[in-house]
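# Topology and contacts: notes
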Amino acid sequence: MFGTPQEQSLRHQSFHQRRRGILGNTLEARKKRLGLVFALPAFLFFGAFYLYPLFQTFYVSLFSWGLLDDPKFLGMTNYSRLFTDKEFINSVWVSFLYSFGVVIPIWFIALGLALIFNRTFPGRQAYLTVYYIPAVISLTVWSLIWLLMYNPTFGIFSVAARALGITGLRMLDDPSTAMPAMIILSIWKGTPVYMVIFIAGLRAIPNDYYEAAQIDGANAAQCLLYITLPLLRPVFLYVMVISIIEAFKVFTPMYILTNGGPGSATRVLSMFIFQNGFQYLKMGYASAASVIFLLILLALAIIQFRLLRFQQND
Amino acid sequence: MPRSMARLFMVVLGQIALLAGAILIMTPVLYMVSASFMTNDEIFSTRFQILPSNLNWGNYIEVFARFNFMRYLSNSVFVTGAIVFLNLLFSPMIGYSLAKFDYPGKNILMLFILATVMVPFTAILIPLFLIVRGLGWVNTYQGLIVPFAMSAFGVFLMRQFIISVPDDYLDAARIDGAGEFRIYFQIVLPLIQPALITLAIIVFVASWDEFLWVLVATAGDTLRTLPIGLAKFREQYQTRFELMMAGSVIAAAPMVVVFLALQRRFLQGMAGLSGLK
């Protein structure tokens, strides 16, 4: 060993620190241990209720399993069956139809309302409160209300149609109107949350930009086009990703209003998975559908990230 | 003068538009309240009726008498309360760990938690059910509560807030000889109190409305929460819309009350979902 005793002891210490990592008695090691102690519940929880299930979904999808019998290994058969299952293909299509039917109008309406609420006017807070109310009504309750509103006898839509001379409008019983019916109630309920997110995004844009633009003689439309919208891009990305995931998850309104029908017109993927898993007890088949579901959302998220990052760079 | 007239005209026009929008948006909610007081005949009358001819409080009494409404209500309160409590207990702890400590595995944990935000619940519904079934937790309170004891979003919200707590505060306390748990409970938690309220609101909103999991993880009547109770009620009494609406009013009320009471914080919390301030 070289060096003075002090240097030696320092070297010794750092050697021990490195070797013993989180086991030493230094402040650093103590803090590491402590961090782990605080994080331990997270490791256990997310491991048990997220990570493990993710693997389990894939694993179970390789079997034929009716929950009460013994699982039978099938390999990828469940997947090849899925891709030839008309009901499944239909579910994917219906999910896309529903999701984009809901989220695209929501983006525009929510942004429009946010631009209005970003100004000051008399009664702003009161209006904001009222406009937000649908978001705090339980989705189950919301669906039940619309069950009444879509009722062919006394529901507001059928009554209005009769007033216009159209008789026999049955929103939920006709395959061509059942999906629009689901989409309308979902837009109505979903818009306020994204409106509030857009408002927060608008608030975060510094006023200096607008002041500078005004000095340069920019009008309101130019401000919107060249300041507001570009700076809102990260918020857009967030809203797009989250709203699409939320829309693909939809289950409650279909369960209450149509049970996936008429025919399969509103049988979204969640409904398909629920019915196969818990009504027909096809655990393996439903798991395979879950894996595809996950992959679809992953692909959509990647596309969105690419799309918006690409725009940011150009 | 004409210019200010034009401005006044715009303001009035704007107010009319906003008011019309408000009425339109509130129509379903008002219809629910109105229908909850109607008789069955009034609801079914083809002559569209907006208001009940008189307030039928009997519907509300019948809802409680006719089905296990009290049970669903107390289940909802208990399950939601427990989930909110567990989230308040764990999320700040993990957020603290992610914000202020460094240890092996931290980045992986963080990435993983972030990734779970993107995992839709439906995609892990079946394995989650299998796990809960394996634990013997189907149709138990713990089966309804434990899978929601933490949320990725809650953990991240807490991390974002705790990162802004200055390290100096914590180090000063350490130098003064405060234990780490004391630092956490007496310095960190009080400093992030507003964030805790936000977290409580967000978790409350999500769990009060949980549907699919309760549907899957309960059997029979005893553990059903309000949403499932109402859905089952609808299956059983297809045409008793007035009772359905009375039950709906009761189920919707707690969240509306919390919203109206904590409006500003509530909206901030919902906007905070985007990680923005």
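Residues numbered from 1 in each chain as written. Chains lettered and ligands numbered in written order. Predicted model: local features only at pLDDT ≥ 70, side-chain atom pairs only at ≥ 80, totals over all residues. Heavy atoms only, no water.

## Regarding the overall build of chain B
What chain B contains, in helices and strands, is 15 helices and zero strands. Relative to the 2.2 N^0.38 estimate, which gives 19 Å for 277 residues, the radius of gyration of chain B is 24 Å and therefore markedly larger than a compact globule would have. With the principal axes as the frame, chain B shows a C-alpha extent of 75 × 75 × 35 Å. Counting across all 277 residues of chain B, residues that qualify as buried make up 55%. At a minimum sequence separation of 6, the contacts of chain B that also span at least 24 residues come to 73%. Of the accessible surface of chain B, which amounts to about 12,600 Å², a share of 68% is contributed by carbon and sulfur atoms. Across chain B, the centroid of the 18 positively charged side chains sits 5 Å from that of the 14 negatively charged ones. (Helix = DSSP H or I, 4+ residues; strand = E, 2+ residues; numbered from the N terminus. Rg over C-alpha atoms; globule rule 2.2 N^0.38 Å. Buried < 20%, exposed > 50% of the residue type's maximum accessible area, 1.4 Å probe, protein only. Contact = heavy atoms within 4.5 Å. Areas by Shrake-Rupley, 256 points an atom, 1.4 Å probe, with all protein chains shown as cover. Lys, Arg positive; Asp, Glu negative; His and termini not counted. Charge placed at Lys NZ, Arg CZ, Asp CG, Glu CD.)

## Some words on the overall build of chain A
The helix and strand tally for chain A stands at 14 helices and two strands. Principal axes of the C-alpha set define a box for chain A whose edges measure 100 × 75 × 35 Å. A fraction of 65% describes how many contacts in chain A between residues 6 or more apart in sequence connect residues 24 or more apart. Separation of charge centres in chain A, based on 23 positive and 13 negative side chains, amounts to 8 Å.

## Observations regarding the domain arrangement of chain B
Under the domain assignment, chain B is made up of domain 1 (2-58) and domain 2 (67-236). Using only C-alpha atoms to locate each centre, domain 1 of chain B and domain 2 of chain B end up separated by 38 Å. (Domains from an automatic or database assignment.)

## Quick notes on the interface of chain B and chain A
Between chain B and chain A, the contact holds 96 residues from the first and 87 residues from the second. The junction of chain B with chain A conceals about 8,200 Å² of combined surface from both sides, 81% of it contributed by carbon and sulfur atoms. Its largest share of buried area at the contact with chain A, chain B owes to Leu-18, Met-118 and Ile-126 of chain B, together 8% of the area lost on that side. At the junction of chain B and chain A, the tally comes to zero salt bridges. (Buried area = accessible area lost by both parts, 1.4 Å probe. Salt bridge = Lys/Arg side-chain N within 4 Å of Asp/Glu carboxyl O.)

## Here's the deal with helix H6 (residues 125-134) of chain B
Residue and element names in this part refer to chain B. In terms of burial, H6 is largely enclosed, as eight of its 10 residues are buried. Of the residues making up H6, those classed as buried are Leu-125, Ile-126, Pro-127, Leu-128, Phe-129, Leu-130, Ile-131 and Val-132. A positive backbone phi angle near 75° is found at Gly-136, which sits one or two residues after H6.

## Quick notes on the packing of helix H4 (residues 69-100) of chain B against helix H13 (residues 226-236) of chain B
Residues and elements named next belong to chain B. Where H4 contacts H13, the two axes come as close as 8 Å, and the packing angle between them is 150°. On the basis of their axis angle, the class for H4 and H13 is roughly antiparallel. On H13, the residues touching Phe-69, Tyr-72, Leu-73 and Ser-76 of H4 are Leu-226, Pro-227, Gly-229 and Leu-230. (Axes fitted to C-alpha atoms, helices over the stretch in contact; angles between N-to-C directions. Parallel < 35°, antiparallel > 145°, perpendicular 65-115°, else oblique.)

## Re unusual backbone geometry
We note that Asn-259 of chain A has phi near 55°; this positive angle belongs to a residue other than glycine. The residue Asn-259 of chain A is located in the loop between helix H12 (252-258) and helix H13 (269-279) in this model. The backbone of Asn-139 of chain B shows a phi angle near 60°, a positive value even though the residue is not glycine. Note on placement: Asn-139 of chain B falls in the loop between H6 and helix H7 (141-145). The exposure class of Asn-139 of chain B is partly exposed, given its relative accessible area of 24%.

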